[in-house]
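Summary of structural features
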Amino acid sequence: MKKGKKLYEGKAKIIYSTDSKGLVIQHFKDDATAFNNQKKTVIDGKGVLNNRISEHILKNLSQIGIKNHFVKNINMREQLIKHVEILPIEFIVRNIATGSLTKRLGIIEGTVLDNPLFEYCFKNDKLGDPIISKEHITTFSWATKKELEKIDNMLLRINDFMVGMFRGIGIKLVDFKVEFGRLKTGQKTEIILADEISPDTCRLWDSNTDKKLDKDRFRKNLGNLIPAYQEVAKRLGILHEEANVRHVNFSKPKSVKLKKNK
Ligand code: 5GP
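Okay, so let's go over this structure. (Residues numbered from 1 in each chain as written. Predicted model: local features only at pLDDT ≥ 70, side-chain atom pairs only at ≥ 80, totals over all residues. Heavy atoms only, no water.)

A few points about the pairing of strand β13 (residues 188-194)
Selection rule: Between buried and exposed lies partly exposed: a residue is buried under 20% and exposed over 50% of the maximum accessible area for its type, with that area taken using a 1.4 Å probe on protein chains only. Strands are runs of DSSP state E lasting at least two residues, helices are runs of H or I lasting at least four, and both sets are numbered from the N terminus onward. In this description, strands pair whenever DSSP reports at least two bridges between them.
For β13, the tally of buried residues reaches 5 of 7 residues, placing the bulk of the element in the interior. Of the pairings in the sheet, the one linking strand β12 (residues 171-185) to β13 comprises 7 bridges and is antiparallel in character. Among the inter-strand pairings, K184 is bridged to a residue of β13, identified as T189. Remark: 2 residues form the turn of the hairpin made by β12 and β13, two consecutive strands paired antiparallel; G186 in that turn has positive phi of roughly 60°.

Listed below in structure tokens is the structure:
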């Protein structure tokens, strides 16, 4: 398989064409941006960690029947993915109130929500990704009612799975953003999960201390972003080169946390 030309460059990733029909390469950059590109930097190693973490989560979601774009890992920074037409919508799922929800509606930071809350944002940097209703989405044909029903269903299952997965390693899944795309195979078009799921796109808090293990470390100038992302990867059991360190550092606190959570 040959890497071709750049098709698209976003804030954190680049998409390249390949000589395999329907497949493209997703390259994870080290660039970090926040507040609609007003804050920017390069954080060495972030792309490598996100590539690995996203691969792990998408493979697990595949196993529970959530179809997604991941095909295979190519190298430390790149993965082969199915080429989809990305819907211009950011789908946000919240379990605990923080971030823009608390600012927009005055909800108290850290409020645990009784049920997962779905929000939809129009993907448009110039407009600052404004929050929209389902009616906006159907009125402007960004997705059909049927597609939205399917997506809402997938969001619930993705959230259930990820809440459980992270709880098992002592992490609260506070909220996350995902994107979906249309996959065309012959006459058939179906909606699949796309983009990435990583500490760049989720809020992850340590279950015991509420320490932030996600991109808020960059947004809020907390520092130590790479150690936080590495900790997520280690707890997920995917930093193989440091497997021994993981057992020494995390096996005891992990089992204690699990008992407490029960
Ligand atoms: P909030 O709306 O509170 O800023 O973000 C809610 C969740 O969606 C957070 O987990 C945040 O990381 C994610 N999110 C929302 N918009 C974006 C975005 O444009 N890029 C990334 N990487 N994550 C986003």
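Having put the structure on the table, let's press on.
Remarks on the site of the ligand
Filter applied, for reference: Proximity criterion: a residue is near a molecule or strand once any of its heavy atoms comes within 4 Å of it. N or O atoms within 3.5 Å of each other form a polar contact, as long as, within protein, one can give a hydrogen and the other can take it, and as long as residues adjacent in sequence are counted only when both atoms are side-chain atoms. Surface accessibility in these figures is a Shrake-Rupley result with a 1.4 Å probe; residues are shielded only by whichever protein chains are displayed. Here the term charged refers only to Asp, Glu, Lys and Arg, the term nonpolar to Ala, Val, Leu, Ile, Met, Phe, Trp, Tyr, Cys and Pro, and the term polar to all other amino acids, Gly among them.
Close to the ligand lie 15 residues; R94, S100, D175, R203 and R219 are nearest. With respect to the ligand, the side chain of D175 contributes an N or O atom lying 2.6 Å from an oxygen atom. Burial of the ligand by the surrounding chains reaches 81%, relative to a free accessible area of 500 Å². When contributions to the shell around the ligand are tallied by element, the ones reaching two or more residues are β9 (89-96), α2 (99-105), β12 and β14 (202-206). Residue composition of the shell around the ligand, grouped by class: 3 nonpolar, 3 polar and 9 charged.

Points about the packing of helix α1 (residues 46-63) against helix α4 (residues 145-167)
The condition that has to hold: Axis angles are defined between N-to-C directions and span 0 to 180 degrees, where every axis is a line fitted to C-alpha atoms and, for a helix, only to the segment in contact. Angle categories: roughly parallel below 35 degrees, roughly antiparallel above 145, roughly perpendicular from 65 to 115, and oblique for all the rest. Throughout, a crossing is termed right-handed when the near helix is turned clockwise from the far one, and left-handed when it is turned anticlockwise from it by less than a right angle. It only takes one pair of heavy atoms within 4.5 Å for two residues to be counted as in contact.
Two numbers describe how α1 lies on α4: the axes approach to 11 Å, and their chain directions differ by 120°. What the angle tells us is that α1 and α4 run oblique. You can see that α1 and α4 cross each other, and the crossing is right-handed. For the pair formed by α1 and α4, the contact residues are I57, N60 and L61 on the first element and I158, F161, M162, M165 and F166 on the second. For the contact of α1 with α4, the class distribution of residues is 7 nonpolar, 1 polar and no charged.

A few points about the pattern of salt bridges
We apply this condition: Salt bridge, as used here: a side-chain nitrogen of Lys or Arg that lies within 4 Å of a carboxyl oxygen of Asp or Glu.
Enumeration over the complete set of coordinates arrives at 28 salt bridges. Among the salt bridges present, the one from E196 reaches K13, with a minimum N-O distance of 2.7 Å. One end of the pair, E196, is in the loop between β13 and β14; the other, K13, is in strand β2 (residues 13-18), with 183 residues separating them in the sequence. Neither E196 nor K13 differs from the other in exposure class; each is buried. The salt bridge partner of E55 is K59, with a shortest N-O separation of 2.7 Å. With E55 and K59 both in helix α1 and 4 residues apart, the pair spans about one turn of that helix. On the basis of relative accessible area, E55 is assigned to the buried category, the value being 6%. Accessibility expressed as a relative area gives 41% for K59, which makes it partly exposed.

What to know about α1
What counts here: The length a helix should cover is 1.5 Å for every residue beyond the first.
With 18 residues, α1 should cover 26 Å at 1.5 Å per step; its first-to-last C-alpha distance of 26 Å lies within 8% of that length. Looking only at α1, the buried set comprises K46, G47, L49, N50, N51, I53, S54, E55, H56, I57, L58 and L61. With its phi angle positive at about 90°, G65 sits one or two positions after the end of α1.

Points about the nonpolar core
For clarity, the cut-off: Each nonpolar core is a collection of buried residues, namely Ala, Val, Leu, Ile, Met, Phe, Trp, Tyr and Cys, held together in the definition by side-chain atoms within 4.5 Å. How far each domain reaches was decided by an automatic or database domain assignment.
Among the nonpolar cores identified, the biggest contains 51 residues, and F91, I158, F166, F180, L193 and I197 are the most heavily contacted of them. When residues in this core are grouped by element, the largest group, 9 residues, is from α4. When residues are assigned to domains, this core turns out to be shared by domain 1 (3-84 + 225-253) and domain 2 (86-206), each giving three or more.

Things to note about the sheet that holds strand β1 (residues 3-9)
Here 5 strands make up an open sheet; going across it, the order is β1-β2-β3-β7-β6 and the pairing antiparallel. Each of the sheet's edge strands pairs with one partner strand only, and the pair in question is β1 and β6 (70-75). Put simply, the sheet's adjacent strands are angled 30° from each other on average, direction ignored. The pairing of strand β3 (residues 23-28) with strand β7 (residues 78-82) spans 5 bridges and is classified as antiparallel.

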